[in-house]
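Remarks on the overall topology
Chain by chain, the residues run as shown.
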Amino acid sequence: MNPAMNNDFDLILEAGRTEKNYWRDLWRYRELFFFLAWRDILVRYKQTVIGIAWSVLRPLLTMIVFTIVFGKIAKLPSGNTPYPILVFSALLPWQFFANAFTEASTSLIGSANMISKIYFPRLIVPTSSVIVSFVDFLFSGAILIALMAWYGYAPSVHIVALPLFIILAFGAAMGAGLWIAALNVKYRDFRYVVPFIVQFGLFISPVGFSSNVVPDRWRLIYALNPLVGVIDGFRWALLSDNATLYWPSVAFSMVIVALLLYTGILYFRATEKTFADVI
Amino acid sequence: MSTAIKIEALSKKYLISHQQGERYITFRSAITDGVKSVGRRILHPAGGTARANQKEEFWALKDVSFEVTPGDRLGIIGKNGAGKSTLLKIISRITEPTSGRVSMKGRVSSLLEVGTGFHPELTGRENIFLNGAILGMRKVEILKKFDEIVAFAEMEKFLDTPVKRYSSGMYVRLAFAVAAHLEPEILIIDEVLAVGDAQFQKKCMGKMESVGREGRTILFVSHNMAAVKSLCKWGIVLSRGEVSFRGAVEDAVEQYIGRDSLNKNEIHWDDIANAPENEYIRLKSVSIKALHGSVIDIASGAEITIDFYNKVAGKYIGIALHLFTLDGVCLFTTGIFLSDKEKAEIGMFSTKCVVPPYLLNAGGYKFNLLFIENRSDLLYRVEDVLSFEVEHTATLSGGGYMGRAVGVIRPKLDWTYEFSAR
């Protein structure tokens, strides 16, 4: 077909054709991100007695358990920072990542009916489950503020850098979420892998302890886990006495996150056209 | 002339896995299969088709080409599995073609199922916004049309009730109302009329007809021939993934039904071993065909032919036919005494029964056959001998699509009236 005739049509569908208006379509459907997230938030606590309080209660209880286990029983050092704040400042990004990852992994399968009946950019589905987890993250953030107020603990000036680490956390959650969502459509094995990763990840990420306990020569390798950079960054930005941020590991985590996100989008786009056939 | 949709040599291949079990594959089997095929390739470099053993190719669409000009209303008809849904799925961008090309001009909306994306826990109001967004409407558009949608669905009272408490009729009404208020240039509809009560179906048809009059391009798939004929101007018949007919919608419907009824409405038991029989009676063949024309519809009437072999001499025998709707409502019984005065000999009986025009309503029917001795004793009974369809092609008024009239029979009765001016 000659190019002049191509211009006549808005949309051409062919095997293996990468749509040039992919991102424009995504923009046209931008409201759907929020509608889907809004739906999930609305639906989640319907027919529950304490409703939205669950999103506060869950991280709060985890924090208490961690404080007792690591702070009181294992007596890990926390410097001058109250142990609950040390734990919670790490729990915040970790829970965001873990929730987003878990929700994104089942998001496509959960909307199988929609995917096999309606066209919309598939990227919206896992993304909106990350957004839902982000809303939970904001709720938990409010707890941290309350906790700091309770202990009369002022954050450091580094807090201006916090948005950077929030973006980093978002990127990590998105990248991992896209991979797992797309893989799960075809290989349902990943249903069983996800809880394992989340459980395991909690202990290999510096949530219950500070990554200062890791020897310096191992820290770069430790930063292969992208959550290390994120969590260290959160602590550095929020806690005033924990002023030594090991920047090489943060930079390394950034590279890993960027890589994860980029390949995640590539893999998702490569497979999304067959979702309706295999889901 | 400009073109709204242009489809060129479109094909879609599915791989059917012959492994039992679920449709998705596990990572382990993907890995082991991969390793196995690599191994095979190393061991048998010549045998390149190792995987073909497990997977079979199935062409849901094969080399389909047609064009639609803007404002055309095209009906796509064909049996289940003929590729209609696959075609619509490709055009609506849900799945990708294996080869060929689809080119389109204008905003496309497709309605392959009513109410997809509805969430049972959300209220009607919330679902209108959600569903609208999924179908590609902007929030401002939905807000603008909100009252219209609610009025069309006739459910002002239940707006704030969770959809899971709705009756299925209400659910469908709301879902269609949202979809009907999209304003695309190209509208793709699959079987949405199969749902809802007759009243609402009529309303949906009216809405779609008015959409058509506004100059939108419509692709419509349905098994309801009257709806297709009334809504569409052009028709395409698909059979086994290929276009078998293209032309005016009346010809397409005629073609489709004609072909269909040929092989369906008669059974010959040529092989005696398979014929239904007992010690008295053996069936040879049963058939039904239209009295007038080629299609059995309300106005055509029908002739039922039953050929059977009487195996025992010396009985007074008779035959009776019980006619049922497909959901099992008995309409009537009818019969004839074949040897009332003299005892029957061994041999073949060929019996015919005429069902007059304007008796049966459109719909599916089936019948049982009963062979009787001495006017009362049952010799042999065959259940569900044959089923047939009274097509929905003719209407009494001759007007547009009125929906299937209610009732199991559809008599044409004489009416008179008088009028006195006040």
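Residues numbered from 1 in each chain as written. Chains lettered and ligands numbered in written order. Predicted model: local features only at pLDDT ≥ 70, side-chain atom pairs only at ≥ 80, totals over all residues.

Our next topic: the overall build of chain B. Within chain B one finds eight helices and 17 strands. Per-residue burial for chain B yields a buried fraction of 36% across its 422 residues. Long-range pairs, those at least 24 residues apart, make up 69% of the contacts in chain B between residues at least 6 apart in sequence. (Helix = DSSP H or I, 4+ residues; strand = E, 2+ residues; numbered from the N terminus. Buried ≥ 20, exposed ≤ 12 C-beta atoms within 10 Å, placed from the backbone. Contact = placed C-beta atoms within 7 Å.)

Helices and strands together make up the secondary structure of chain A, namely 13 helices and one strand. Of the regular secondary structure in chain A, the N- to C-terminal order runs α-β-α-α-α-α-α-α-α-α-α-α-α-α. Expressed along its principal axes, the backbone C-alpha trace of chain A runs to roughly 70 × 50 × 35 Å. Looking at the 279 residues of chain A, the share that counts as buried comes to 43%. Of the contacts formed within chain A by residues at least 6 apart in sequence, a portion of 81% connects residues at least 24 apart.

All names here are of chain B. Strand order in the open sheet formed by four strands is E14-E13-E16-E17, with antiparallel pairing between adjacent strands. Two strands in the sheet have a free side with no partner beyond their single neighbour: strand E14 (330–337) and strand E17 (377–390). Neighbouring strand axes in the sheet, compared pairwise and without regard to direction, differ in orientation by 20° on average. Sheet topology places strand E13 (residues 317–325) next to strand E16 (residues 363–373); nine bridges connect them, and they run antiparallel. Within the sheet, the bridge partner assigned to Gly318 lies in E16 and is Ile372. (Pairing = 2+ DSSP bridges. Axes fitted to C-alpha atoms, helices over the stretch in contact; angles between N-to-C directions.)

Think of interface size as the accessible area that goes away when the parts come together; that is how it is often given. Each assigned domain of chain B is listed here: domain 1 (5–13 + 67–260) and domain 2 (267–390). On a C-alpha basis, the centroid separation for the pair domain 1 of chain B and domain 2 of chain B is 41 Å. (Domains from an automatic or database assignment.)

So, on to the sheet that holds strand E7 (residues 217–221) of chain B. Residue and element names in this part refer to chain B. Across the sheet, six strands lie side by side as E5-E6-E7-E3-E8-E9; this open sheet has mixed pairing. Two strands lie at the open edges of the sheet, namely strand E5 (108–111) and strand E9 (242–248), each paired on one side alone. With direction set aside, neighbouring strand axes in the sheet form an average angle of 15°. Bridge analysis of strand E3 (residues 73–77) against strand E8 (residues 234–239) gives four bridges, and the strand direction is parallel.

Attention now moves to the nonpolar core. Phe97(A), Ala169(A), Ala172(A) and Ala173(A) are the most contacted members of the largest nonpolar core, which has 173 residues in total. Sequence-distant contacts of Ala172(A), that is, excluding residues within four places in its chain, are made with Phe97(A), Pro226(A), Leu227(A), Val230(A), Val257(A) and Leu260(A). (Core = buried A, V, L, I, M, F, W, Y, C linked by C-beta atoms within 7 Å.)

This brings us to the pairing of E13(B). All names here are of chain B. Sheet topology note: the E13/E14 ladder contains seven bridges and is antiparallel. Its bridge partner being in E14, Leu323 is matched across the sheet by Phe332. Hairpin connection, E13 to E14: the antiparallel pair is bridged by four residues, and Gly328 has positive phi, about 95°.

Moving on to the packing of helix H4 (residues 139–153) of chain B against helix H5 (residues 168–180) of chain B. Residues and elements named next belong to chain B. Running from N to C, H4 and H5 point in directions that differ by 140°, and their axes come no closer than 8 Å. As summarised for this structure, H4 and H5 are arranged oblique, according to the angle between their axes. The chirality of how H4 crosses H5 is right-handed. Contacts between H4 and H5 involve Ile149, Phe152 and Ala153 on the former and, on the latter, Arg173, Leu174, Ala177, Val178 and Ala180. (Parallel < 35°, antiparallel > 145°, perpendicular 65-115°, else oblique. Left-handed = near helix turned anticlockwise from the far one by under 90°.)

A few words now on the interface of chain A and chain B. Taken together, the contact pairs 31 residues of chain A with 39 residues of chain B. Taken together, the elements giving at least two residues each to the side of chain A that touches chain B come down to strand E1 (11–14), helix H3 (30–44), helix H6 (112–117) and helix H13 (275–278) of chain A. At six residues, the largest contribution of residues to the side of chain A that touches chain B is made by H3(A). Looking at the side of chain A that touches chain B residue by residue, the classes come out as 17 nonpolar, two polar and 12 charged. Of the pairings in the sheet, the one linking E1(A) to strand E4 (residues 99–104) of chain B comprises four bridges and is antiparallel in character. Opposite Glu14(A), over in E4(B), you have Arg101(B) as the bridge partner. (Nonpolar A, V, L, I, M, F, W, Y, C, P; charged D, E, K, R; others polar.)

Residues and elements named next belong to chain B. Helix length check: H5 (13 residues) gives 18 Å between terminal C-alpha atoms against 18 Å at 1.5 Å per residue, within 8%. With respect to burial, H5 is a largely interior element, 10 of its 13 residues being buried. Listed as buried for H5 are Tyr171, Val172, Arg173, Leu174, Ala175, Phe176, Ala177, Val178, Ala179 and Ala180. (Expected span 1.5 Å × (residues − 1).)

Residues and elements named next belong to chain A. The pLDDT averaged across chain A works out to 84; a share of 93% of its residues lies at or above 70. For chain A, per-element mean pLDDT is lowest for helix H1 (residues 3–6), which scores 43, and highest for helix H8 (residues 162–186), which scores 93. Here residues 1–7 is modelled with pLDDT under 50, and outside its nearest four sequence neighbours on either side it reaches two contacts, counting other chains as well. (pLDDT = per-residue confidence, 0-100.)

Following the sequence through the fold, Val278(A) ends up in helix H13. Between the alpha carbons of Val278(A) and Val228(A) there is a distance of 35 Å; along the sequence they are 50 residues apart.

Let us look at the environment of Ser205(A). All names here are of chain A. Within the fold, Ser205 resides in the loop between helix H9 (190–204) and helix H10 (219–222). Here the alpha-carbon distance between Ser205 and Pro226, two residues 21 residues apart in the chain, equals 9.0 Å. Leaving out residues up to four positions away in the same chain, Ser205 has contacts with Trp94, Asn225, Leu227, Val228 and Ile231.

This part takes up unusual backbone geometry. Residue and element names in this part refer to chain B. With a phi angle near 70°, Arg93 is a residue other than glycine that sits in the positive phi range. Position of Arg93 among the secondary structure elements: in the loop between helix H2 (84–91) and E4. Judged by the 20 C-beta atoms lying within 10 Å of it, Arg93 is buried. In this model, Arg375 sits at a positive phi of 65°, which is unusual for a non-glycine residue. In this fold, Arg375 is placed in the loop between E16 and E17. C-beta crowding within 10 Å serves as the criterion here: with 11 such atoms nearby, Arg375 is assigned to the exposed category.

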